[in-house]
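# A look at the structure
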Amino acid sequence: MNRLLYLGKRLLLAVPVFLFGITMSFLIMYRGPIDPVLNILGQDATPADVRQLKIALGIIYPDGTPVPLWSQYFKVVTDLVTLDFGQSWIIQRGTAVTDLILNRMPATLWLGFWSVVIALAFGIPGGLYAGLRANTWRDYITSGGGIIWRAMPNFWLAVMFVGVLSAGGALSFYQDLLIQTDVIGTPDALGNMFGSAHVFAGVPLLEALWIPIPNLENLAIAVKWIFPAALVLGSASMGNEIRIGRTAVLESINSKYVQTAKAKGVSGRRIVTKHVGRNALIPLLPVIMGEFYLLIGGSVLVEKVFSIRGLGNMFFRGMLGPDIPLVMALVFLFIVVNITLNISQDILYTFIDPRITLEDTER
Amino acid sequence: MSDTDTTTTRDELTGYENIPVRTRIAEAPRPFLEWATVLIVLIAVEFGTYASLTIATVERAFVGVTALFDILLGFISEGAAEAVVDLQQGVSKFLVGVADAAAALPTLLSREVIPNQGHKLGPNGPWQGTFMGLEPAVAWGLRFTLLVVYALFLSYWVFRGWQVYREHYRQADWTPTDDMVGRLRGHRWGQFGILVLVLYLTMAVFGPALGPTTVEQNIQSSYSYEIEYYNGETGEVESIPVGDANFNSKSKGGGENVGPMSYDNYGRFHPFGTLNNGRDLFTFLMGGARITLIVSGMAIGLATLIAAVLSMISAYYAGTIDLTVLTVADGVVSVPRLLLLIMVSAVFANHWLGGIIDGGFILAMVFAFTTWPFLWRAVRGPALQVAQEEWVDAARSFGQRPRTIMHKHMLPYIVGYLLVYASMSTGGIIIGLSALSFLGNGLGINPPTPAWGRAVSLGQDYVSTASWHISLISGLMIVLLVTGLNAFGDGIRDAIDPETEGTEGEEAAAGGGA
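These numbers were taken from a predicted model, which means no experiment stands behind them. Note on numbering: residues in each chain are counted from 1, in written sequence order. Chains and ligands are labelled sequentially in the order written, the chains with letters from A and the ligands with numbers from 1. Local features in this predicted model are restricted to residues whose pLDDT is 70 or higher, and side-chain atom pairs enter the listing and the counts only when it is 80 or higher, whereas totals over whole chains, interfaces and linings include all residues. Based on all heavy atoms of the structure, the side-chain values leave hydrogens and waters out of the count.

## Focus: the overall build of chain A
Starting at the N terminus, helices and strands are each numbered in turn, a helix being any DSSP run of H or I of at least four residues and a strand any DSSP run of E of at least two. When helices and strands are tallied, chain A shows 14 helices and two strands. With the principal axes as the frame, chain A shows a C-alpha extent of 85 × 55 × 55 Å. A total of 363 residues make up chain A; the buried ones form 48% of that total. The contact criterion used throughout is that any non-hydrogen atoms of two residues lie within 4.5 Å. Partitioning the intrachain contacts of chain A with sequence separation of at least 6 by distance along the chain shows that 70% fall at a separation of at least 24. For accessible areas, the Shrake-Rupley method is used with a probe of radius 1.4 Å. Any residue's cover is judged against the shown protein chains and nothing else. Surface summary for chain A: the accessible area is close to 17800 Å², and the carbon and sulfur share equals 65%. In chain A, the 27 positive side-chain charges and the 23 negative ones have mean positions that sit 13 Å from each other. When accessible area is computed with a 1.4 Å probe and restricted to protein chains, residues below 20% of their type maximum are described as buried, those above 50% as exposed, and intermediate ones as partly exposed. When charges are counted, Lys and Arg are positive and Asp and Glu negative, with His and the chain ends excluded. We put the charge of a Lys on NZ, of an Arg on CZ, of an Asp on CG and of a Glu on CD.

Structure (structure tokens):
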């Protein structure tokens, strides 16, 4: 089957999946036993205020009759799909949800990016290392570490890290190591990692274009600051990568084609890079992609403990409000990211492993 | 029906007569009787504990299930919903009464038989009120050790029952189960998992007797109880409400700290130290073990059931049905699980449904609802494989009903895989549950019922102080259980099928995440 056709089919199938997720969230938020009006106005609100707010929130029509649920549902879905997220109800009343999200996005993206990088940087070599030295004490230490690393809850690990790294902790020197950084909170450096250079200043039309110039000091601060949080967030995936990587290496190392290569006199290094490593990557792909899935949920906890001003933290606060438009917008965002990742994983598969046909991935 | 045909064929082929187990036991009752007598004695000495826990759990599950019916019926008619509530309250009241009566039954290894709460008579004087005048630490240690030994022996004895059956009553000389058990015997990692599971089950079942004090006395209504202690300043034995004693036994770092394996000023022994509010951490964690195991057990049981049924249906019928289940499963997991849990938990925080099993019931339902897609994905492969086997085809052409085919010919094949993935997913559920309790604010298990996550959060500010024990020990409880569950899953997988290792789907099921 043609890849494009397959992509189209997957996108078509994604529509009911998307609707399922949105409907579920809608029912919880709009049909659940919560009263947003009470939360916004407080106990001593006048009936007139309540009425006005209810009209503004789209719960009742101006003539006082309640808006039917299906009509609310239809409006919510259309608004979300057209990316019209509305205004925040509680967190920052009246601010556009889009602005809030854009404001918080960089911290979460930065955290997510580094947690994937750190997990990959430690996990995959760790797995290969353990697999190539199977059943030695080095293997036992590495894979044992991976197993425990994977079993540690993110929130607990985060609490431990914050405790040990902050003032008075055993590793508090980290804060002053190389460059001064805080462990909790969000530094200003995050927003100023790149300066802009208008290289085409004076040139008509091209004037508006600029090239990002990294501000090395701020960049260093941001990297060092995010490192502990990213290590925590990537912990479960790292453990998985070590484990799956080890198994995959063991499987391919005992396979016939590696024996053949050995018999032909291929060098050990070439066998590892060309034959073992590449094949070991195949089972690792779902782990790596699954990492993104874990990141979204895990970011709530890690951002909360490390006091990072990111999307996860905002979701938690929005949920306690409850700030329904904000929550719905974030859920929408997460669902879209999730579905996109799922589809791209299946398509990536066909590139990495030529044996997998598109029909297989469909199952 | 055609069922009988298949059994007859098997009988003819194997040459065994189909004699019921009961008859076989009646023919040579001795080994069975020996085994059963010991088992009955073992159960009888702790009967009160088992009976009260079982009935209390049934009661909570009943309240939860009727509550769901109540809500559903509420959409249709008010009267029916009210009738359900009446029934619920009546039955619940009765069951609580029975559970209380059962809890009052004397048990052998209880805190009444081996008491550890006492007080000194003088500055160095002997202890009064403890078991044989021993120090509270020793008395508690004795009871703890005896209970663990008892639980381990009981587990061994249950396994022994299978051995007796195999040796004396089983007709076949060999079954695949023998090989599985044989492989587990050489599997240290899997045995570690089983040991951890047994230990945590012990904590959940015998929690009230394991701790140096009880959740009721020390945590839930600490001002309704008084303890006696030797006051060093006045030189007299005085009495004080537990709540006041707790107030002066806080662990808040610096000078105010009651660390692991130490006594507080009131002669109370704290194996894991105290919390930042002066309550006993060990007792708190035992209470947490019970609620954690009840909730995660309910969740994984339900999820496994759904996954088993759906995987067989989708594998048997394939086509559109398979695609529908796939879409629903993808839809369920399209919202990240922790976010969905936070949503539901926050929305129901002040609702009466959020009060059943201290908030655990609704969480168990959400966990079941969000876990089955992973399990279903993991066993769908094996289910599809078995659906294409010749014996399924044969049974179909035989005219066997699809239900019977799934039950008799497909389920036995996938049940092992289900067990493997279920035990690995339970780790994720436990971590998720404690994460919610950690977040607090109405999420997770409602206070004052102990929860592991809340203990971590209570100790959050004291990690780098003298009171490091609060967060560290609570977290290690979770780590050890999750590691044990993964080890158990590994062991079962290797026992069922030593060839495959680390198949796809496993990591998705095992994911810690939260």
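## Some details on the interface of chain A and chain B
Accessible area lost when the parts come together is the quantity often used to give the size of an interface. Each partner contributes to the interface: chain A provides 57 residues, whereas chain B provides 62 residues. Put simply, buried area is the surface a 1.4 Å probe can reach on two separate parts but cannot reach once they are joined, added for both. Summed over both sides, the interface between chain A and chain B buries roughly 4900 Å², with carbon and sulfur atoms accounting for 74% of that surface. Broken down residue by residue, the surface that chain A buries against chain B is led by F155, W156 and Y293 of chain A, which jointly contribute 12%. Salt bridge, as used here, is a side-chain nitrogen of Lys or Arg placed within 4 Å of a carboxyl oxygen of Asp or Glu. Between chain A and chain B we count one salt bridge in total. Every element with two or more residues in the side of chain A that touches chain B is listed here: α1 (3-31), α6 (137-151), α7 (154-165), α9 (235-253), α11 (268-305), α12 (311-320) and α13 (324-352) of chain A.

## Quick word on the domain arrangement of chain B
Residue and element names in this part refer to chain B. With domains assigned, chain B is organised as domain 1 (215-270) and domain 2 (287-511). Where each domain begins and ends is defined by an automated method or by a domain database. Between the C-alpha centres of domain 1 and domain 2 the distance comes to 40 Å. Each side of the interface is counted separately: domain 1 has 12 residues, and domain 2 has 12 residues. Of the roughly 760 Å² buried between domain 1 and domain 2 on both sides combined, carbon and sulfur atoms contribute 63%. Connecting domain 1 to domain 2 are zero salt bridges. Distance and chemistry together define a polar contact, namely a pair of N or O atoms within 3.5 Å, with one atom able to donate a hydrogen and the other to accept it when in protein, and with adjacent residues in sequence counting only for side-chain atoms on both sides. Where domain 1 meets domain 2, there are five residue pairs in polar contact (both at pLDDT 80 or more). Note on residue classes: Ala, Val, Leu, Ile, Met, Phe, Trp, Tyr, Cys and Pro are nonpolar, Asp, Glu, Lys and Arg are charged, and everything else, Gly too, is polar. A breakdown of the residues in the side of domain 1 that touches domain 2 according to their chemical character gives four nonpolar, six polar and two charged.

## Topic: unusual backbone geometry
Most of the time, phi is negative for any residue but glycine, and the peptide bond is trans. In this model, P447 of chain B is joined to P448 of chain B through a cis peptide bond whose omega is 5°. Inspection of the secondary structure assignment puts P448 of chain B in the loop between α16 (402-439) and α17 (452-458). Backbone geometry places S307 of chain A, a non-glycine residue, at a positive phi of 50°. Structurally, the position occupied by S307 of chain A is in the loop between α11 and α12. Residue classification places S307 of chain A among the partly exposed residues on the basis of a relative accessible area of 35%. In this structure, D358 of chain B takes a positive phi of about 55° despite not being glycine.

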